[in-house]
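Residue-level structure breakdown
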Amino acid sequence: MSVRPAIFYTIAFFILLPIYFWIQPNIKPTSALEEKQESLLKLNGIDAVTVVSGTESLRFQKDKDGKFYNLVAPPGKFVPHDLMDAMVSLLTGAKSVEVVAEDTSDLAQFGLDHPKSVLTIESSGQPQPIKIAFGNENPTHTAIYAQIEGIPKVFLLGQNIEYYQSLMFQWIEGKQGKNA
């Protein structure tokens, strides 16, 4: 057994090692990736939610026990509690959202000049209700553009929130479980 191949491979290793690190892509630290993500809402809880889509409006309030959200407007209609609970958990559980525009005066490109729907959130920890406008889908159809009133930034939110809103209106119209 000769020492010559071991010496050759060791020299080749030390020559190629710097080249390997030199051609590696520059990986940004995770803190740089988080710069374009922000916390959506900083709420301890949600007391009431109003969903407006076109001319239709739904208002949910927490019951006296604080366990469920009841539909209070329009009167005499029904929407399952789990739909509202799912939407509230999406809003309160959104730890970070992608910011797609910092300050835009052209909201039409996001469909926010005439929003498809507006969500008004009332929380005991907030002095004023929070209004979130929802616009168009993103090009990949995986999220929708949203903007919080008073904040110039445009966010991307998952389509689940729009899906839950459409299901709520289907329940009001009596079209639940059917292809409307």
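Residues numbered from 1 in each chain as written. Predicted model: local features only at pLDDT ≥ 70, side-chain atom pairs only at ≥ 80, totals over all residues. Heavy atoms only, no water.

**Things to note about the pairing of strand S2 (residues 48–53)**
As defined by bridge partners, S2 adjoins strand S3 (residues 56–62) across 6 bridges and the pair is classed as antiparallel. In the sheet register, Val49 faces S3, and the bridge partner there is Phe60. Hairpin geometry of S2 and S3 is characterised by an intervening segment of 2 residues between the two adjacent antiparallel strands and by a positive phi of about 65° at Gly54. Taken together, the 5 bridges between S2 and strand S6 (residues 117–122) define a ladder with antiparallel strand orientation. When the bridges of S6 are listed, Val52 appears paired with Val118. (Pairing = 2+ DSSP bridges. Helix = DSSP H or I, 4+ residues; strand = E, 2+ residues; numbered from the N terminus.)

**Quick notes on a nonpolar patch on the surface**
Taken together, Val3, Ile7, Ile11, Ile15, Leu16, Ile19, Trp22 and Ile23 make up a surface patch of nonpolar side chains, about 890 Å² in accessible area. Counting through the fold element by element, Ile7 comes out in helix H1 (residues 4–23). (Patch = residues over 30% accessible without salt bridge, like charges linked within 9 Å, V, L, I, M, F, W, Y side chains within 5 Å. Areas by Shrake-Rupley, 256 points an atom, 1.4 Å probe, with all protein chains shown as cover. Salt bridge = Lys/Arg side-chain N within 4 Å of Asp/Glu carboxyl O.)

**Side note on the nonpolar core**
Counting residues in hydrophobic clusters, the biggest one holds 32 residues, and the most contacted among them are Met87, Leu119 and Ile132. What Met87 contacts, discounting residues up to four positions off in sequence, is Val49, Val51, Leu119, Ile161, Tyr164, Gln165 and Met168. Within the second largest apolar cluster, 8 residues are counted, among which are Leu112, Ala133, Val154 and Leu156. (Core = buried A, V, L, I, M, F, W, Y, C linked by side-chain atoms within 4.5 Å. Buried < 20%, exposed > 50% of the residue type's maximum accessible area, 1.4 Å probe, protein only. Contact = heavy atoms within 4.5 Å.)

**Side note on the packing of aromatic side chains**
Counted according to the given criterion, the structure contains 5 aromatic pairs. Considering the side-chain rings of Phe13 and Phe14, the 5.3 Å spacing of their centres and the 75° angle between planes classify their relative orientation as edge-to-face. Using a relative accessible area of 54% as the deciding quantity, one classes Phe14 as exposed. Consider the rings of Phe110 and Tyr145, whose centres lie 4.8 Å apart with planes at 65°: the pair is edge-to-face. Residue Phe110 is located in the loop between strand S5 (97–101) and S6, and its partner Tyr145 is located in strand S8 (residues 143–148); the two are separated by 35 residues in the primary sequence. (Phe/Tyr/Trp six-rings, centres within 6.5 Å; stacked < 30°, edge-to-face > 60°.)

**Quick word on helix H4 (residues 160–173)**
In this model H4 runs 20 Å from its N-terminal to its C-terminal C-alpha over 14 residues, within 8% of the 20 Å that 1.5 Å per residue would give. Burial in H4 covers these residues: Ile161, Tyr164, Gln165, Leu167, Met168, Phe169 and Ile172. (Expected span 1.5 Å × (residues − 1).)

**Observations regarding the pairing of S8**
Of all 6 residues in S8, 6 are buried; the element is thus mostly enclosed. Alternating residues of S8 divide into Ala143, Tyr145 and Gln147 and Ile144, Ala146 and Ile148, and every residue in both groups is buried. Joining the antiparallel neighbours strand S7 (residues 130–137) and S8 is a turn of 5 residues, in which His141 adopts a positive phi near 60°. Where S8 and strand S9 (residues 154–158) come together, 4 bridges link them in antiparallel fashion. What sits directly across from Ile144, in S9, is Leu157. Adjacent in sequence and paired antiparallel, S8 and S9 are bridged by 5 residues, among which Gly150 carries a positive phi angle near 90°.

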